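A closer look at the structure
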Amino acid sequence: MAAAPGQAAAEAEPEASAAAAEEEEAPGAAVSPASRRLVVPGSWVSPSGGLPAGLERWFPAGLEELDVSGTGLAALGAELLPLGRLHTLLAKNNRLGAEGSLPKGLAASPLGRALRVLNLSGNRFARLPDALLGLRGLRSLSLGGNRLHRIPAAIQELRSLEFLYLGGNFITSIPPELANLPLLSYLVLCDNKIQSIPPQLAQLPSLRSLSLHNNLLTYLPREILNLIHLEELSLRGNPLVVRFVRDLTYKPPSLQELAGRTIKTRNIPYVSGDLPENLLRYLDLASNCPNPRCGGVYFDSCVRQIKFVDFCGKYRLPLMHYLCSPECSSPYSSASQSSTSQSESDSEDEAIVAARRMQKVLLG
């Protein structure tokens, strides 16, 4: 007996819906809805360099890891924003970097709130995208092998960051604000054009590994000895390793500085009513000379000296010292040579004790 036309249509409709669902579910490859990890093949990327829409519908359990590396991707579009369980996004070795490479509203989206690991190495970013600076839950960020020339001060907004990889770029300086990342444990800045390390970097309380090899460093700030948790320091391929550097410069102090030094070293009492406000602020800027035999202070005029200090009893690294006068560094000062030598020895011994916390120093 032939089925009624209405009944045949009703039976055919679920079959058509199922076929359409299958097509939407797997554009070019089989996808398991139970899986929470997806490695996207290059065939999924559109000719314009984008991903297919509907990713969140393919994974009812919630996609947690997405790898779109090496697919020729030119943009991460809005189709990713609803992925509220995606904690790891790998997009290495693509064509990302132009304006609009990252979706608008990323930080406020479900994806932005969930993301913990983001790898954009091997792309074409000339600057760190503003969209990334709002990812407050991000723990690992990799932008190695791009075209970055600077690290923005706003990097300090990524307060949850534990791992930062910026090697293989064109970065020339490190912003002091980088020291405001309390959880940062691994910092990779190798293969750049960095010439100096800000002393504030020593304020990173959790830093365990610092990679600075193949840069243009000629000295390290003495404060680096304060990195009490540092276990690995990589310095090979820097001028401070391949060339013996010793620099001594001095600009004579002004009359104002001489007066300020006298007030500070002789403990001359003063109150706010005795001096103008600008001079009171100036006196508050006095820095103590690190020479334990000196006891002096300095303001703007100081001796910038590179001193080689033993690390782990095996390596001698140049650390920057700021002294109040040339006499503090000369063995032929008014004090006896033996006293000065003893002073330098005492200072070096202190540095060695601090440096023993370092477990691995990579120079070659």
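Thresholds applied
- Residues numbered from 1 in each chain as written.
- Predicted model: local features only at pLDDT ≥ 70, side-chain atom pairs only at ≥ 80, totals over all residues.
- Heavy atoms only, no water.
- Helix = DSSP H or I, 4+ residues; strand = E, 2+ residues; numbered from the N terminus.
- Buried < 20%, exposed > 50% of the residue type's maximum accessible area, 1.4 Å probe, protein only.
- Contact = heavy atoms within 4.5 Å.
- Areas by Shrake-Rupley, 256 points an atom, 1.4 Å probe, with all protein chains shown as cover.
- 1 Å grid on protein atoms, 1.4 Å probe; cavity = no way out; pocket = protein on both sides within 12 Å on 5 of 7 lines; lining within 4 Å.
- Points joined across faces, edges and corners; volume = space filled by probe spheres on them.
- Polar contact = N/O pair within 3.5 Å; in protein donor to acceptor, adjacent residues only side chain to side chain.
- Nonpolar A, V, L, I, M, F, W, Y, C, P; charged D, E, K, R; others polar.
- pLDDT = per-residue confidence, 0-100.
- Salt bridge = Lys/Arg side-chain N within 4 Å of Asp/Glu carboxyl O.
- Arc of directions from axis to C-beta.

**Focus: the overall build of the protein**
- What the protein contains, in helices and strands, is seven helices and 16 strands.
- Taking all 364 residues of the protein together, 43% fall into the buried category.
- Within the protein, contacts between residues separated by at least 24 positions form 47% of all contacts whose residues are at least 6 apart in sequence.
- Carbon and sulfur atoms form 52% of the exposed surface of the protein, whose accessible area is close to 18,400 Å².

**Examining empty space enclosed by the protein**
- Going through the model one piece at a time under the given rule, you end up with three cavities of 30 Å³ or more.
- Quantified by volume, the largest cavity comes out at close to 50 Å³.
- Taken together, Leu-76, Leu-80, Leu-89, Leu-102, Pro-103, Leu-106, Leu-111, Leu-115 and Leu-118 make up the lining of the largest cavity.

**Thoughts on the side chain of Ser-109**
- Along the chain, Ser-109 turns up in the loop between strand S3 (88-90) and helix H3 (110-114).
- With relative accessibility at 6%, the residue Ser-109 sits in the buried group.
- Only 2.7 Å separates the side chain of Ser-109 from the backbone oxygen of Leu-106, close enough to count as a polar contact.
- Polar side-chain contacts of Ser-109 include one of 3.1 Å to the backbone nitrogen of Gly-112.

**Considering unusual backbone geometry**
- The backbone of Asn-93 shows a phi angle near 55°, a positive value even though the residue is not glycine.
- Backbone geometry places Asn-267, a non-glycine residue, at a positive phi of 55°.
- Positionally, Asn-267 belongs in the loop between helix H5 (255-265) and helix H6 (277-283).

**Some points on the layout of surface pockets**
- Put simply, the largest pocket is a space of about 350 Å³.
- Considering the residues around the largest pocket, the lining is formed by 15 residues, among which Ala-98, Glu-99, Gly-100, Arg-127 and Pro-129 are closest to the centre.
- A per-class count over the lining of the largest pocket returns seven nonpolar, four polar and four charged.

**Description of the confidence of the model for the protein**
- The share of residues in the protein with pLDDT of 70 or more is 70%, and the mean pLDDT across the chain is 77.
- The weakest mean pLDDT in the protein belongs to helix H7 (residues 337-355) at 38; the strongest belongs to strand S6 (residues 163-165) at 98.
- Low pLDDT (under 50) marks residues 1-30, which in the prediction has 11 contacts with non-local residues, meaning those over four places away or in another chain.
- Predicted confidence is poor over residues 331-359, with pLDDT under 50, and the contacts of this stretch with residues over four places away or in other chains come to 40 contacts.

**A word on the environment of Phe-163**
- If you trace the backbone, Phe-163 turns up in strand S6.
- On the basis of relative accessible area, Phe-163 is assigned to the partly exposed category, the value being 26%.
- Residues Phe-163 and Leu-138 lie 25 residues apart in sequence; the distance between their C-alpha atoms is 9.4 Å.

**Brief notes about the pattern of salt bridges**
- Summed over all chains, the structure comprises six salt bridges.
- In this structure, Glu-64 engages Arg-36 in a salt bridge whose closest nitrogen and oxygen atoms are separated by 3.0 Å. On the criterion of sequence distance, the pair formed by Glu-64 in the loop between helix H2 (55-58) and strand S2 (65-67) and Arg-36 in the loop between helix H1 (5-25) and strand S1 (37-39) is long-range, its members being 28 residues apart.
- Among the ionic pairs, Arg-261 bridges to Glu-257, the shortest N-O distance being 3.0 Å. Of this pair, Arg-261 and Glu-257 both sit in helix H5, four residues apart, which is roughly one turn of the helix.
- We classify Arg-261 as buried; its relative accessible area is 12%.
- Overall, Glu-257 belongs to the buried group, its relative accessible area being 1%.

**A short note on H5**
- Inspection of H5 places Glu-257, Gly-260 and Arg-261 among the buried residues, and these make up the whole buried set. Buried residues in H5, looked at end-on, bunch into an arc of 100°, giving them a common side.
- Buried-residue contacts for H5 involve H6 and strand S13 (297-298).
- Backbone geometry just after H5 places Asn-267 at a positive phi near 55°.

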